Amino acid sequence: MDKGARAWTETVRADSGWFDLRLRELWAYRDLVLLFVRRDFVSLYKQTILGPLWLVLQPVLTTLAFTVVFGNFAGLSTDGLPHMAFYLCGLVAWRYFADCLTRTADTFVSSAGLFGKVYFPRLAVPVSRVVSGLFTLGIQFALFLAVCAWFMASGAPIRPRPEALLAPLLVLLMAVQGLGLGIIVSSMTTKYRDLRFLISFGVQLLMYLTPVIYPVSLVPAQYRELAMLNPVAPVIEALRYGFLGQGAFSPAHLGLSAAVSLALLLLGLVLFNRVEKTFMDTV
Amino acid sequence: MTAAHPVLQAERLGKLYRLGYIGSGSLAQDLSRWWARLRGRPDPLAKIVEGRAGRQAAGHLWALRDVSFSVDRGEILGIVGQNGAGKSTLLKILTKITRPTSGLFRVRGRVASLLEVGTGFHPELSGRENVFLNGAILGMTRAEVARKFDEIVAFAEVGPFIDTPVKRYSSGMYVRLAFAVAAHLEPDILLVDEVLAVGDAAFQRKCLGKMGDAAGQGRTVLFVSHNMAAMERLCPRALLIDEGRLVMDGPCAEVIAAHLRTLRDEPGPELAYAVNLALLDERAHPDMRIRSLELATPDGAPLRALATGQGLELRIGYEARRQFVSPAFAVHLNDHLGRRLVQLNTSPISGQPVERLGARGTMRLRIDALPLTAGTYTLDVGFVREQSEWVVKLERAVTLRVTPRDVYGSGMALDQSRGAIVVGHRWEHEPGGPTP
């Protein structure tokens, strides 16, 4: 065996193209992504009293608050659906998107210590956060299904449709949107730290622009088209249509949303890769 | 096939830092910078970076420029240069932590540095989980870690506690486990930066030992150190980097000699000492920063000259964001070859522990008399926690110039070539045999 005859394993150049995204390298580090997921999960709940019970309590309490404030006091329409089921559906889905966005948005700042010491594909961090969000989503979605079943058993007008089977695709779409936007923001926060504050209340604002606590049918007809251009809106409406039987299921809007999401992700990847190379020089 | 077979090849590597933008924090800061520029004022936030005129042009600094070299398999290559010369930048590029601005490098096999020990350890995870996580961060696959797992645990001597969260480990166990993972990485090219190495002396010895082993097994080692004695012992060949450029590549002894010549004139001829201010920011810890280093005479006047046998006071100004367990300040005195002459440490060496840190404060170290012959000496200044772990380590932060004095009354100007230390002494001569 002649070890000496091996070719160069790697060449690092000053300038690689804008689209040299090195996704294959990320794949080689897939074990790391899974271990990060596990670390996130353990560290999130190990020091809390109620542990993963928080995952259930959070949406339940928020849904109750929404039911009282928006459903009863404000009397917002829920398309004739039981308030609890309506809000829970929107909230669980929205939370996954918002989680993906906010938890990937601070990638560089929160991992500066790690990034400064050792090289691994930096994308492993945001990708692992999107994946670990799936646990939360899974548990909360099970809760939502249980609530639906309970309402159906008590005769509420909930009619699941075959479109519910699209749920995994819809979740993937939200993951792509959250990740795409998140890494765009994280790439920019290396230069402008104050974007972090913008993101926390920006997400809050965005929720009110998205049909989470109201159905899109409540939006005045002339603005409805505009509301559906928000890439998250058709996803949430489609989930409601699939699982509860009421909502705006629009393949055209979903297709547009998917196109926008992929564009966001691509833009995010390009920016992220640019920043990744020199990030340690700016902090 | 063993002759001249490069495993690492650097071609015209360069790294450009934009000075004004280092640490650019917020949009507000950028706006104030823009406003200043609009009024023709200098950038209010620009950081003053140590550097000499040649490297800086219009707010840019070439930390590294046109560095080309190649290293063969099994070679131990030393890298020497002053603080801020570009050694660390070179290592950061070779470990891919930052990208070069120009040029390229090629490697055969896996590159690892001992900087990474314990990186990514999470206190809540068990020893076992951390071994896998840390291994994956260092680039091992799950299967690879699994294969070496038993060996790693045995090496770390943490056997029965492997499923306990590492937050319950003693700091010794923690470091052993972290080191065990790194030691089993088996890189083809190992980068060792002793200047940045943390951990206690025993741990640093282990690192050096590991380096020797690695070279014995046909691995390649790049070794950065200020300790010229160790460098000369370990490395047949060395590079000298000065002001970002590779100025010499050759046999270690010659390179060290050239390096020492560049060091000689560090403090200007009329100054007693020089402080490497850039180092204070560069090596700051988020919670602990040494903000100032000053030298004074024993009566508190600024130090203008330091002659053999004269005393001095070192003032270490610090800023601490929190308390540390068993905090201690450390000062090491080295000779011109980087050999340690004196080691002072508030505790345990000096037995004068620091009780509590203030948010800001000053440590004064008074040395009654410095029995050094004429020449250049350096001081390492640092802050240590739990007796032995470096939090801030400023190597060669202060360069001292000692001027000769006729301490022995012989009319001879003693310098380092006649030994570094003077001692009070007397000769007695008894001709003939010993008196009964």
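Novice: Please explain the pattern of salt bridges as it appears in this structure.
Specialist: Side chains carrying opposite charge are able to pair once their charged atoms draw close together. One pass over the full model with this rule turns up 31 salt bridges over all chains. Close ionic contact of A:Arg22 with A:Glu25 constitutes a salt bridge, the shortest N to O distance being 3.8 Å. What makes A:Arg22 partly exposed here is its relative accessible area of 22%. A salt bridge links B:Arg283 to B:Glu282; the nearest nitrogen and oxygen atoms lie 3.6 Å apart. You can call B:Glu282 partly exposed: its relative accessible area is 48%. Counted as one network, the salt bridges with shared partners bring together A:Glu10, A:Arg22, A:Glu25, A:Glu276 and B:Lys96.

Novice: I keep staring at the interface of chain A and chain B and nothing clicks. Help me out?
Specialist: By a widespread convention, an interface's size corresponds to the accessible area lost as its parts come together. Taken together, the contact pairs 44 residues of chain A with 51 residues of chain B. Between chain A and chain B lies a buried interface of about 4,300 Å² when both sides are counted; carbon and sulfur atoms form 55% of it. Here chain A is connected to chain B by three salt bridges. Across the salt bridge formed by B:Lys96 and A:Glu10, the nearest N and O atoms sit 2.7 Å from each other. Where chain A packs against chain B, one counts 11 residue pairs in polar contact (both at pLDDT 80 or more). Looking at the side of chain A that touches chain B, the elements that each hand over two or more residues are strand S1 (10–13), helix H2 (30–45), helix H6 (112–115) and helix H12 (251–282) of chain A. For the side of chain A that touches chain B, the element with the most residues is H2(A), which contributes eight residues. As defined by bridge partners, S1(A) adjoins strand S5 (residues 102–107) of chain B across four bridges and the pair is classed as antiparallel. Directly across from A:Glu10, in S5(B), lies its bridge partner B:Val107.

Novice: What's the story with the pairing of strand S9 (residues 237–242) of chain B in this structure? I'm lost.
Specialist: One face of the sheet, then the other: side chains in a regular strand alternate in exactly this way. Residue and element names in this part refer to chain B. Of all six residues in S9, five are buried; the element is thus mostly enclosed. Summarising the sheet, strand S4 (residues 76–80) and S9 pair through four bridges and their orientation is parallel. Across the sheet, residue Val80 finds its bridge partner in S9, namely Leu240. As judged from the six bridges shared by S9 and strand S10 (residues 245–251), these two strands associate in the antiparallel manner. Its bridge partner being in S10, Ile241 is matched across the sheet by Leu246. Counting the residues that bridge the hairpin from S9 to S10 gives two residues, and of these Glu243 lies at a positive phi of roughly 50°.

Novice: In this structure, what is going on with the environment of A:Ser110? I would like to understand it.
Specialist: Residue and element names in this part refer to chain A. Its place among the elements puts Ser110 in helix H5 (residues 107–110). On the accessibility criterion, Ser110 (42% relative accessible area) is partly exposed. Along the primary structure Ser110 and Ala65 are separated by 45 residues, whereas in three dimensions their C-alpha atoms are 32 Å apart.

Novice: Just checking my understanding: could you explain the confidence of the model for chain A for this structure?
Specialist: Reading fine detail from the predicted coordinates is not recommended where pLDDT is low. Chain-level statistics for chain A give a pLDDT mean of 87 and a share of 96% at 70 or above. H6(A) is the least confidently modelled element of chain A, averaging 84 in pLDDT, while helix H11 (residues 232–244) of chain A averages 94, the highest of any element.

Novice: It is not clear to me how the sheet that holds strand S16 (residues 360–367) of chain B should be interpreted in this structure. Could you clarify?
Specialist: Think of a sheet as strands paired side by side through backbone hydrogen bonds, with each pair either parallel or antiparallel. Residues and elements named next belong to chain B. Read across the open sheet, the three strands follow the order S12-S13-S16; overall the sheet is antiparallel. At either end of the open sheet lies a strand with only one pairing partner, and these are strand S12 (288–296) and S16. Direction aside, neighbouring strands of the sheet carry axes that sit 20° apart on average. The sheet contact formed by strand S13 (residues 312–320) and S16 spans eight bridges and is antiparallel. Along S16, the bridge assignment pairs Glu313 with Arg366.

Thresholds applied
Residues numbered from 1 in each chain as written. Chains lettered and ligands numbered in written order. Predicted model: local features only at pLDDT ≥ 70, side-chain atom pairs only at ≥ 80, totals over all residues. Heavy atoms only, no water. Salt bridge = Lys/Arg side-chain N within 4 Å of Asp/Glu carboxyl O. Buried < 20%, exposed > 50% of the residue type's maximum accessible area, 1.4 Å probe, protein only. Contact = heavy atoms within 4.5 Å. Buried area = accessible area lost by both parts, 1.4 Å probe. Polar contact = N/O pair within 3.5 Å; in protein donor to acceptor, adjacent residues only side chain to side chain. Helix = DSSP H or I, 4+ residues; strand = E, 2+ residues; numbered from the N terminus. Pairing = 2+ DSSP bridges. pLDDT = per-residue confidence, 0-100. Axes fitted to C-alpha atoms, helices over the stretch in contact; angles between N-to-C directions.

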